[in-house]
Amino acid sequence: MTDPGLPGAGDAYDAEPVRPAKRLTRSTTDKMIGGVAGGIAEYFGIDSTWVRVAFVASIILPGPQVLLYLLLWAIIPKNR
């Protein structure tokens, strides 16, 4: 038996509605090449310009940035 003084011990109407799980998808509306930057921006709730600026700035550093973008383009599903 639950103690009525405990939080969450109320009836089922006190529960918050269940939201669908947040998924990382490629954007179909905010895309320049493949929608990867737009999808990442939508997932984190930021402007896609900042994701694109960060990607272009990272090109200056040595590393596989372009290959990573292509890999993400292939792996992340398109938003429906």
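The structure contained in this document is the topic of the report that follows. Owing to the predicted nature of the structure, the values given are computational and were not obtained by experimental measurement. Residue numbers run consecutively from 1 along every chain, following the written order of its sequence. In view of the model being predicted, local features appear only for residues whose pLDDT reaches at least 70, and side-chain atom pairs are presented and counted only at 80 or more, with totals across whole chains, interfaces and linings using the full set of residues. Values shown for side chains rest on all heavy atoms present in the structure; no hydrogens or waters enter the calculation.

## Quick look at a nonpolar patch on the surface
Threshold: By definition, no residue in a patch forms a salt bridge, and every one has over 30% relative accessible area; like charges are joined within 9 Å, nonpolar side chains (Val, Leu, Ile, Met, Phe, Trp, Tyr) within 5 Å. Every accessible area reported is derived by Shrake-Rupley at a probe size of 1.4 Å, with residue values counting cover from the shown protein chains alone. The salt bridge criterion pairs a side-chain nitrogen of Lys or Arg with a carboxyl oxygen of Asp or Glu, the two atoms within 4 Å. Strands here mean DSSP runs of E at least two residues long; helices mean DSSP runs of H or I at least four residues long; both are numbered from the N terminus.
Residues M32, I33, I59, V66, L67, L70 and W73 make up a contiguous nonpolar surface patch of roughly 730 Å² in combined accessible area. The residue L67 is located in helix α3 (residues 65-75) in this model.

## Observations concerning the packing of aromatic side chains
Our working rule: Here is the rule: rings of Phe, Tyr and Trp (six-membered ring for Trp) pair when centre to centre is within 6.5 Å. Planes less than 30 degrees apart are stacked, more than 60 are edge-to-face, and the remainder are tilted. Exposure classes here rest on a 1.4 Å probe applied to the protein chains alone. A residue is buried below 20% of its type maximum, exposed above 50%, and partly exposed in between. Either the NZ atom of lysine or the CZ atom of arginine qualifies as a charge over a ring when it sits within 6 Å of the ring centre and within 35 degrees of the ring normal.
Following the criterion strictly, the structure yields three aromatic pairs and no others. Aromatic side chains Y43 and F44 sit 5.0 Å apart centroid to centroid with 90° between the ring planes, which places their arrangement in the edge-to-face category. With a relative accessible area of 58%, F44 lands in the exposed category. Geometrically, the ring pair formed by F55 and Y69 is tilted, given 5.6 Å between the ring centres and 45° between the ring planes. Of this pair, F55 sits in helix α2 (residues 48-58) while Y69 sits in helix α3; the two residues are 14 residues apart in sequence, bridging distant segments of the chain. With a relative accessible area of 14%, Y69 lands in the buried category. Members of the aromatic cluster, each reached through a chain of ring pairs, are F55, Y69 and W73. K22 extends its terminal NZ or CZ atom over the ring of Y43, reaching a point 5.1 Å from the ring centre.

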